[in-house]
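Now for the letters of each chain:
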Amino acid sequence: MKKNRAISTMLMLTMLTGCGMASQNELAKMTESGEQIEVMVELPDGAEELSGITGAWKPLAELNSNKDIRTLIDYLVGTISYRESIHDLPSKNGVIYVNAQTEEWEPNNTLMEVYKNKNFLDIWNNSEIEDILKKSLLQYYTDLDETDGMEAMKAVAINAYFNLFPEDTINRESDGDDILTRADFYTGLAKATLKAEENLEVTDDMKEKLGEKAQVAYFALVKDKSYLDLESGSMNENTFYSPITRAEAIYGIVKSVYENELNSLEVTDSTKNYKDVKNAGNMAKKADTIGKEQYKSANLSYMLQNQEKGVDEELYKAFAVAYNKGMIAIEEDSRWDEPITKKEALNMFINAFSEQGTTVACDTGVSTQQKAELASEHDTEAYKVERSLVEWFGIEPCMGYHQFMKKYGEQVEYILSLENQTTYVTYKHMILEGENTLDGVAQQIEVELARTEERKAIRAQAEAEAQAQAEAQARAQARAQAQAQAEAQARAQAEAQAQAQQNTVDTNTNTGGGQVKFRNINGVDINIARGGTADKQYAPAAMDNMGLKDSGNE
C-alpha cells in the first residue's frame, strides 16, 4: 500500500513558533539557527506517492523491462534487432538508436537525443501509428481509458520504453497520477538526458546526506540541475524523499535542455511568463543568505507561504524559458506551487525535447564500431529487405530507409529475389563504390535498376517471341496432323469402296443365282439356271452343243 502523505499546504518551518508569514529577516534567522527546514507539500485528495523502482540502468538497446510495450514500439518504428557480433550482446538499430551529433549507431541512446531525429518524429507522430499505439495501450494498461488523450498515451509508452519512472507491471497500471518525490524526479531526469553508466559511484558525503538508496546515484549525476542544493544542506534526506514542486521540476528540465537560454536570459518588464508566475527578485541576495545553511530551502518555503509575492528570480527565469518553449500551454497557469505527477513530468520532458529542433534525419545509425552480423528477429518482408540492405549490400549511411524503401522497395525485392549470386556482388560493389548519401545511392541504384528493367524487357520480349513461335509451330503441327488424318481417312474410304466393288464382281462371277435366256430352233425362249461356274463366256459353246442361239442375257 502506498503511503499518502497528508501535510498542511502551509509548509512547515520548524524554527517558527508562530503561524504568521515569515519575513526576509526571519528567513535570514532560519538559515543561521541550524535547525532543519522542512519543505513538504500536501497531496491532493486521493493522490499517492509513486512507489517502486525502475530496475538496473542499462544501455537502451539492452533493456529488458516491460518487454511487451518495448516490442510493440520497436515494431511500430521499425527497429532492427540483432546480436552485436563482438560481445555477443543483444542490440538494436533504427530511428531510436541514432546519435544526433554524429549520425552513428548509438545503442546507449537517450530520450533527449532521440527527439533530435526527424525520422523518429515523422513516424512517432503519424496518425496511423498513433491509432495502433493507443489501441494497444488501452488493451494492456488497466488504468487507461478512451478519455486519455494521445499526449497521455505517448507519455506512458515513452516511460515504458526508456524505463524512466516506476510503474505497476504486476497489475499493469501506468500510475500516471501518482506524485513524484525529488528522488523519483531526478532519477527520471538523469535517465532521460544521460547515457547509462555501468558503475555509478556515490561519495561518502552524499551517502551521509541522502542515504544509500538507488536514487542517490542518479541524483549525483544531475545535482547541478536541482534548485535545492547539497552544498547548503537544502537537499537532505528529508527533502530528497519528499514531493517535488512543479517549479523545481521546470527548473531541472530547463537547466538540462536549455541551460544556455536560461543563463543568457535578462529579465525585463517585457519578459513573458505564465500569468501566475511573478518575479520576486533574487530572494537570497535581498535577505543576504547566499551560501548560508539551507538558504535554498528557506527561499522555497518563503515562496510557498507568500505566493502573492512571487517566486525567486532563478525560478522565474526558468519559467520564462519554459513559456517560450511551450513546455506548458501558455493559456494555462503554471501551478508552480503544486506537487508534480508522473504523467505531468513525462509530458514536460516530451514537450521540452520536442522544442530542441531536429539535427538529423536517419532511419539507422552508421556503425563505425564494428561490422555487426545482423539477424533480424522479425518475419515481415519489410524487415527482411531492410536487414538485407545492411547485411548483404553493406549500406550503412544515414540515408532514410523508410523513404528509400518506399521509392525502391519493389525493385530491391526483385533484385534480392534473383538467384544469380553475381547480381548480389555487382550490386553490392555498385553501392559501396557510389556516393555515400541517399541521393548518391539513389542515382546509382536507378542506373542498376534501369539495366535490370532493360534486361527484364529483353527477356520478356524473347520469351514472348519464343512463345509465339512455339504456338505457331504447334498450330502448324496440328494442321499437318489433321491433314494426314483426313488423307488417311480418305484412303481408307477409297479402299473400302474398291473392296466393296470387287466383292460385287466376285459374287456375280463366282456364285449361283443368275439365269441365261436361250431360244430353241422352234423360236421358243428357254431360261437356263446358272449352276456353279456357268458364265456368259461359255454360253456360245453350250448353245452350239445344244443347237441353241443366244437370245440375250438378263
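The structure we're discussing is the one just above.
As a starting point, this report considers the structure included with it.

Here is what the cut-offs are and how they apply
- Residues numbered from 1 in each chain as written.
- Predicted model: local features only at pLDDT ≥ 70, side-chain atom pairs only at ≥ 80, totals over all residues.
- Heavy atoms only, no water.
- Helix = DSSP H or I, 4+ residues; strand = E, 2+ residues; numbered from the N terminus.
- Buried < 20%, exposed > 50% of the residue type's maximum accessible area, 1.4 Å probe, protein only.
- Contact = heavy atoms within 4.5 Å.
- Patch = residues over 30% accessible without salt bridge, like charges linked within 9 Å, V, L, I, M, F, W, Y side chains within 5 Å.
- Areas by Shrake-Rupley, 256 points an atom, 1.4 Å probe, with all protein chains shown as cover.
- Salt bridge = Lys/Arg side-chain N within 4 Å of Asp/Glu carboxyl O.
- Lys, Arg positive; Asp, Glu negative; His and termini not counted.
- Charge placed at Lys NZ, Arg CZ, Asp CG, Glu CD.
- 1 Å grid on protein atoms, 1.4 Å probe; cavity = no way out; pocket = protein on both sides within 12 Å on 5 of 7 lines; lining within 4 Å.
- Points joined across faces, edges and corners; volume = space filled by probe spheres on them.
- Nonpolar A, V, L, I, M, F, W, Y, C, P; charged D, E, K, R; others polar.
- Axes fitted to C-alpha atoms, helices over the stretch in contact; angles between N-to-C directions.
- Parallel < 35°, antiparallel > 145°, perpendicular 65-115°, else oblique.
- Left-handed = near helix turned anticlockwise from the far one by under 90°.
- Polar contact = N/O pair within 3.5 Å; in protein donor to acceptor, adjacent residues only side chain to side chain.
- Expected span 1.5 Å × (residues − 1).
- Phe/Tyr/Trp six-rings, centres within 6.5 Å; stacked < 30°, edge-to-face > 60°.
- Lys NZ or Arg CZ within 6 Å of the ring centre and 35° of its normal.
- Core = buried A, V, L, I, M, F, W, Y, C linked by side-chain atoms within 4.5 Å.

## Focus on the overall build of the chain
A tally of helices and strands in the chain yields 21 helices and 5 strands. For the chain, with 554 residues in total, the buried portion stands at 47%. Long-range contacts, defined here as pairs at least 24 residues apart, represent 74% of the contacts in the chain between residues at least 6 apart.

## Considering a negative patch on the surface
Together, Glu151, Glu331, Glu332 and Asp333 line one region of the surface with negative charge. With respect to the helices and strands, the residue Asp333 is situated in the loop between α15 (313-325) and α16 (342-354).

## A word on empty space enclosed by the protein
Over the atoms a probe the size of a water molecule is rolled, and this reveals where empty space is left. Taken as a whole and assessed by the stated rule, the structure comprises 3 cavities of 30 Å³ or more. Here the second largest cavity defines a volume of roughly 100 Å³. Trp57, Lys58, Leu60, Asn109 and Phe162 are the residues nearest the centre of the second largest cavity, which is lined by 15 residues in total. For the lining of the second largest cavity, the class distribution of residues is 8 nonpolar, 4 polar and 3 charged.

## Brief notes about the packing of helix α11 (residues 246-257) against α16
Axis angle and axis distance: for two packed helices, these are the angle between their axes and the distance between the axes, and together they describe the pair. At a minimum axis distance of 11 Å, the contact between α11 and α16 shows a crossing angle of 30 degrees. The angle between α11 and α16 places the two elements in the roughly parallel class. Between α11 and α16 the crossing geometry is right-handed. For the pair α11 and α16, contact is made by Arg246, Ile250, Ile253 and Val257 and by Glu344, Met348, Phe349, Ala352 and Phe353, respectively. Considered class by class, the residues forming the contact of α11 with α16 number 7 nonpolar, no polar and 2 charged.

## Considerations on the packing of helix α7 (residues 182-193) against α16
Close contact between α7 and α16 brings their axes to 11 Å; oriented N to C, the two are set at 30 degrees. Looking at the two axes, α7 sits roughly parallel to α16. In this structure, the crossing between α7 and α16 has a hand that is right-handed. Contacts between α7 and α16 involve Phe185, Gly188, Leu189, Ala192 and Thr193 from the first element and Ala345, Phe349 and Phe353 from the second.

## Examining the side chain of Asp148
As for its position among the elements, Asp148 is in the loop between α5 (127-140) and α6 (150-162). Although buried, Asp148 forms no salt bridge, and the nearest oppositely charged side chain, Lys343, lies 4.9 Å from it. Here the side chain of Asp148 touches Asp145 through a polar contact of 2.9 Å, landing on its backbone nitrogen. Setting aside residues no more than four positions away along its own chain, Asp148 makes contact with Lys134, Asp143 and Met153.

## Looking at α15
With 13 residues, α15 ought to run about 18 Å at 1.5 Å a step, and its terminal C-alpha atoms sit 18 Å apart, in line with that. Burial runs high along α15: 10 of the 13 residues are buried. All of the buried residues along α15 are Leu315, Tyr316, Lys317, Ala318, Phe319, Ala320, Val321, Ala322, Tyr323 and Lys325. Looking at the buried positions of α15, the neighbouring elements they touch are α11, α12 (259-264) and α14 (295-305). Gly326 sits one or two residues past α15 and shows a positive phi near 70 degrees.

## A look at the packing of aromatic side chains
In this structure the tally under the stated criterion is 15 aromatic pairs. Seen from their ring centres, Tyr186 and Phe219 are 5.3 Å apart, and the 65 degrees between their planes marks the pair as edge-to-face. On the criterion of sequence distance, the pair formed by Tyr186 in helix α7 and Phe219 in helix α9 (residues 214-222) is long-range, its members being 33 residues apart. Take Tyr186 and Phe219: they sit in the same class, and that class is buried. With a centroid separation of 6.2 Å and 85 degrees between ring planes, the pair formed by Tyr274 and Phe319 is classed as edge-to-face. Taken together, the residues span a long stretch of sequence, with Tyr274 in the loop between α12 and α13 (283-287) and Phe319 in helix α15 at a distance of 45 residues. Judged by its relative accessible area of 1%, Tyr274 is buried. On the basis of relative accessibility, which here comes to 0%, the residue Phe319 falls in the buried class. Through a chain of ring-to-ring contacts, the aromatic side chains of Phe165, Phe185, Tyr186, Phe219, Phe240, Tyr241, Phe349 and Phe353 assemble into a single cluster. In this structure, Arg172 packs its charged tip against the face of Tyr140, placed 5.0 Å from the ring centre.

## Remarks on the nonpolar core
Residues Ile96, Phe185 and Phe349 are the most contacted members of the largest nonpolar core, which totals 101 residues. Sequence-distant contacts of Phe349, that is, excluding residues within four places in its chain, are made with Leu164, Phe165, Phe185, Gly188, Leu189, Ala192 and Ile253.

## A closer look at the pattern of salt bridges
This model, assessed by the stated rule, comprises 17 salt bridges. The shortest N-O distance in the salt bridge between Lys118 and Asp122 comes to 2.8 Å. Separated by 4 residues within a single helix, Lys118 and Asp122 lie in helix α4 (residues 118-124), roughly one turn from each other. Residue Asp122 is classed as partly exposed on the basis of its relative accessible area of 38%. Across the pair Arg335 and Glu338 runs a salt bridge whose closest N-O atoms are separated by 2.9 Å. Residue classification places Arg335 among the partly exposed residues on the basis of a relative accessible area of 27%. Salt bridges linked by common partners bring Asp224, Lys225, Lys255 and Glu259 together as one network.

## A few points about unusual backbone geometry
Phi angles above zero are rare outside glycine, and Asp175 is one such case at about 60 degrees. For Asp175, the position within the fold is in the loop between α6 and α7. Of the residues examined, Asp175 reaches a relative accessible area of 8% and is grouped as buried. Positive phi values are uncommon outside glycine, yet Gln294 reaches one of about 60 degrees. Inspection of the secondary structure puts Gln294 in the loop between α13 and α14.

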